[in-house]
Amino acid sequence: MDINTVDLGSLSLEELSSLIIRTGKEPSVDPALEFQRGKAAFMAVRKCWEEARSNYRSALSLNPSFQKSLKNLELLDSMVLKLDPNSP
Amino acid sequence: MASSLQEDLNFFGQSIPTTEEGLPRESFSQKASLSWEGDSYQLESDYDLDEKQVYTCLYRNGALVLYQPADLTLEQTHRPLAEQVLSVLQQELDQLNAALRLRSRIGKNPQFLNGLGLYFYSKNLWEEAHDLFRKAIERKSDFSEAYRNLSNVFLKLGLPEKSLQLLEMAVHLNPSFADLHNALAWVYLECGQHADARTHLETAIGLNSRYYEAYLNLCLSYLQSCQHPDDGQHLPAPEETLEILRKLASQDDELKERLPKLTSWEDISRQYLILKDQQARRDTTTIRASCELIYIRYLKDRENLGGQSLKSFISWLSEKIAKGNNYADLRNYLGSFCLFWASYFVENAKHSFRKCVKAGYNLEQGRKREKQIRRLEKSIKEISTRLLI
């Protein structure tokens, strides 16, 4: 998988994580590669949020009165809203 | 001259090896040790050829306290055995080291004290667990979970009277906590004090009419109190136990179907064991103990919690949930750990864009991203401390 050509949005969190780790190990000083690596890390942050949201929602579907997940979901949504909707 | 043992074996005309020296018994054994505040801990991992599984032994001051089959992730099981053993040892060592270190870092926060205590409890380190649960209760006198945990430590240590004393005080301080009444009743049952046990189980059910475990304990109490006839005849099903199972059946369709067939004491007893076993399988104490440790490590010792360790833990927890532990509290942990994981990617992004800006590459975009990262860092840090676990 080439970080310069791959569609970062189509990768899973696991794949993004592996890509970031692998490219971090390469002794490269190529700024273009670093830029792509930064973009991949941004994409991974977004995927982490999606995973978190999905798990909180699953918790609530298992137990609709589970206050902890309800509050955490609210916290997460308010954080994402506060940040630029286009970032990361 | 042959030994008497060899003579006995040759008597049957066959040569049977008296030891298993002839068999290839490859050992992958790995050992590690650490000392902390005067106590020493040794960890040993190996592959058990008979059980066909990797295991870990934990010794405290030279005494074996735990033999634990390793709970490997799917990814780990694909590695060669020697690597599996080594990775299990490293993982256990990392966790134990972190837990011991955290004792001096968590301050007086009762949730952290209880959570860390739960980790030690899950490793049979009673002394360490006792100390932390006791401190948690000192800081929060209505902390029902910590009372339950400490009472379990006393039971494990064979001190039911101490457990009783603690829970009686806890119930006195928090009379409206159903789980404390149930925990106290369980200790009364252990001591054979059925009247007291029933009083508290009925109170627990009065406070929470869907309290499955309390109903089961009440059922056990009535089963244990029955006098069996001396002539060996079957005892009919005690009416009280049938009434309890009828109530449980309102939450359990399978039980509803079986109920008409339960006519004798033996039937009820068998049914009780099935339900108790099902309930025990739903017990996630060990998983929660590991989750608590990760949570506390992230908040209080993040510099020693690598992104790779967190990632491995997330994989492990996801697999646990997929394999039948799909419970709201575990989903809540997993969601929060995914948010924690995001902070490691933010660091990666920060590092990369800083390099770009330094090199003068795509300056405008790079600077814009750096600004976004600062906001992200701040937000994730803030949310991490406010998440409810």
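Residues numbered from 1 in each chain as written. Chains lettered and ligands numbered in written order. Predicted model: local features only at pLDDT ≥ 70, side-chain atom pairs only at ≥ 80, totals over all residues. Heavy atoms only, no water.

1. Here's the deal with the overall build of chain A
This is how the line gets drawn: Going along the chain from the N terminus, every DSSP run of H or I of four or more residues is numbered as a helix, and every run of E of two or more is numbered as a strand. In this description the radius of gyration comes from C-alpha coordinates, and the expected globular size is given by 2.2 Å times residues to the power 0.38. Think of it in three bands: residues with accessible area under 20% of the maximum for their type are buried, residues over 50% are exposed, and the middle band is partly exposed, with areas taken using a 1.4 Å probe on protein chains only. The charged-residue count follows a simple rule in which Lys and Arg add positive charge and Asp and Glu add negative charge, with His and chain termini not counted at all. Charge placement uses NZ in Lys and CZ in Arg. For Asp and Glu, CG and CD serve respectively.
Regarding its fold elements, chain A presents 3 helices and 0 strands. The order of helices and strands in chain A, counted from the N terminus, is α-α-α. Expected size for 88 residues packed as a compact globule is a radius of gyration near 12 Å; at 16 Å, chain A overshoots this value by more than 25%. Relative to its full complement of 88 residues, chain A shows a buried share of 45%. Of the charged side chains in chain A, 11 are positive and 12 negative; the average position of the first set lies 7 Å away from that of the second.

2. Thoughts on the overall build of chain B
Of the regular secondary structure elements, chain B holds 17 helices and 4 strands. Here the C-alpha radius of gyration of chain B, 27 Å, is well above what a compact globule of 389 residues would show, namely 21 Å. Considered along the principal axes of its C-alpha atoms, chain B spans approximately 95 × 75 × 45 Å. Every one of the 389 residues in chain B was classed for burial, and the buried ones make up 47%.

3. Structural notes on the confidence of the model for chain B
Residues and elements named next belong to chain B. This is how it is decided: On a scale of 0 to 100, pLDDT captures the predictor's confidence in every residue. Residue contacts are counted whenever heavy atoms from the two residues lie within 4.5 Å of one another.
Per-residue confidence for chain B gives a mean pLDDT of 91, with 94% of residues at or over 70. Per-element confidence in chain B is highest for helix α4 (residues 110-122), whose mean pLDDT is 98, and lowest for helix α1 (residues 4-10), whose mean pLDDT is 42. Every residue in residues 1-20 is under pLDDT 50, and counting partners more than four places away or in other chains gives 8 contacts. Prediction confidence for the complex, expressed as pTM and ipTM, is 0.88 and 0.94 respectively.

4. Regarding the pairing of strand β4 (residues 63-69) of chain B
All names here are of chain B. Definition in use: Paired strands, in this sense, are two strands between which DSSP finds at least two bridges.
Where strand β3 (residues 53-60) lies against β4, 6 bridges are found, and the strand directions are antiparallel. Of the residues in β4, the one forming a bridge with arginine 60 is alanine 63. Taking the residues between adjacent antiparallel strands as the criterion, β3 and β4 are bridged by 2 residues, where asparagine 61 takes a positive phi near 50°.

5. Points about helix α2 (residues 31-62) of chain A
Inclusion rule: One less than the residue count of a helix, multiplied by 1.5 Å, gives the span that helix is expected to have. Polar contacts, as used here, are pairs of N or O atoms within 3.5 Å; protein pairs need one atom able to donate a hydrogen and one able to accept it. Residues neighboring in sequence count only if both atoms are side-chain atoms.
Spanning 32 residues, α2 of chain A covers 46 Å between terminal C-alpha atoms, matching the ideal 46 Å at 1.5 Å per step. Put simply, aspartate 30 of chain A is the residue that caps the front of α2 of chain A, since its side-chain oxygen is 3.0 Å from the backbone nitrogen of alanine 32 of chain A.

6. Here we look at the sheet that holds β3 of chain B
Residues and elements named next belong to chain B. Quick note on the threshold: For helices, the fitted line uses only the C-alpha atoms of the stretch in contact; every axis is such a line through C-alpha atoms, and the angle between N-to-C directions lies from 0 to 180 degrees.
One open sheet accounts for 4 strands, arranged β1-β2-β3-β4; its pairing is antiparallel. This sheet does not close on itself; its edge strands, each paired only once, are β1 (30-36) and β4. Ignoring which end each strand starts from, the neighbouring axes of this sheet average 20° apart. Relative to strand β2 (residues 39-48), β1 runs antiparallel, the two being bridged by 7 bridges. Residue pairing in the sheet places tryptophan 36 in a bridge with aspartate 39 of β2.

7. Examining the interface of chain A and chain B
As a reminder of what qualifies: Throughout, buried area stands for the accessible area (probe radius 1.4 Å) lost by two parts on being put together, summed over both. In what follows, salt bridge is the name for a side-chain nitrogen of Lys or Arg lying within 4 Å of a carboxyl oxygen of Asp or Glu. Under the grouping applied here, Gly and all other residues not named as nonpolar or charged are polar, the nonpolar ones being Ala, Val, Leu, Ile, Met, Phe, Trp, Tyr, Cys and Pro and the charged ones Asp, Glu, Lys and Arg.
Taken residue by residue, the interface counts 40 residues in chain A and 43 residues in chain B. For the pairing of chain A and chain B, the buried interface totals around 3600 Å² over both sides, and the portion due to carbon and sulfur atoms is 70%. Put simply, chain A and chain B have 2 salt bridges between them. Of the charged contacts in the structure, one is a salt bridge between lysine 311 of chain B and glutamate 14 of chain A, with a shortest N-O distance of 3.4 Å. Inspection of the chain A/chain B interface yields 11 residue pairs in polar contact (both at pLDDT 80 or more). Within the residue set of the side of chain A that touches chain B, elements represented by two or more residues are α1 (13-25), α2 and α3 (67-82) of chain A. Sorting elements by how many residues they give to the side of chain A that touches chain B places α2 of chain A first, with 20 residues. Of the residues belonging to the side of chain A that touches chain B, the class tally is 21 nonpolar, 10 polar and 9 charged.

8. Quick notes on a positive patch on the surface
Residue and element names in this part refer to chain B. Under the convention used in this document: Patches draw on residues past 30% relative accessible area with no salt bridge. Two like charges within 9 Å are joined, as are two nonpolar side chains (Val, Leu, Ile, Met, Phe, Trp, Tyr) within 5 Å. Note on areas: Shrake-Rupley with a 1.4 Å probe; residue coverage comes only from the protein chains shown.
Taken together, the side chains of Arg354, Lys358, Lys371, Arg374 and Arg375 present a region of like positive charge at the surface. Residue assignment for the positive patch shows that the elements contributing at least two residues are α16 (328-359) and α17 (363-386). Among the secondary structure elements, lysine 358 is positioned in helix α16.

9. Details of the packing of aromatic side chains
Formally: Pairing of aromatic rings covers Phe, Tyr and Trp, the last counted by its six-membered ring, and requires centre-to-centre distances within 6.5 Å; plane angles under 30 degrees mean stacked, over 60 mean edge-to-face, and any other angle means tilted.
Across all of its chains, the model carries 16 aromatic pairs over all chains by this definition. Between phenylalanine 35 of chain A and phenylalanine 353 of chain B the ring centres are 5.3 Å apart and the planes differ by 75°, which places this aromatic pair in the edge-to-face class. Remark: phenylalanine 353 of chain B occurs in helix α16 and phenylalanine 35 of chain A occurs in helix α2; the pair is interchain, linking two chains. Where phenylalanine 35 of chain A meets tyrosine 361 of chain B, the ring centres are 6.0 Å apart and the plane angle is 65°; that geometry is what we call edge-to-face. A residue pair is termed interchain when its members come from two chains, as with phenylalanine 35 of chain A in helix α2 and tyrosine 361 of chain B in the loop between α16 and α17.

10. Structural notes on the side chain of asparagine 325 of chain B
Examined against the element boundaries, asparagine 325 of chain B turns out to sit in the loop between α15 (307-322) and α16. Discounting residues that sit within four places of it in the chain, asparagine 325 of chain B has contacts with Thr284, Ile287, Lys320 and Leu330 of chain B.

11. Examining the pairing of β2 of chain B
Residue and element names in this part refer to chain B. For β2, a buried count of 8 out of 10 residues is recorded, marking the element as mostly surrounded by other parts of the structure. In this structure, the hairpin formed by β1 and β2 is closed by a connection of 2 residues, where glutamate 37 is found at a positive phi of approximately 45°. Strand direction decides the pairing type here: β2 and β3, joined by 8 bridges, are antiparallel. Pairing of leucine 43 across the sheet is with leucine 58, part of β3. Where β2 folds back on β3, the antiparallel hairpin that results is connected by 4 residues, among which lysine 52 adopts a positive phi of roughly 55°.

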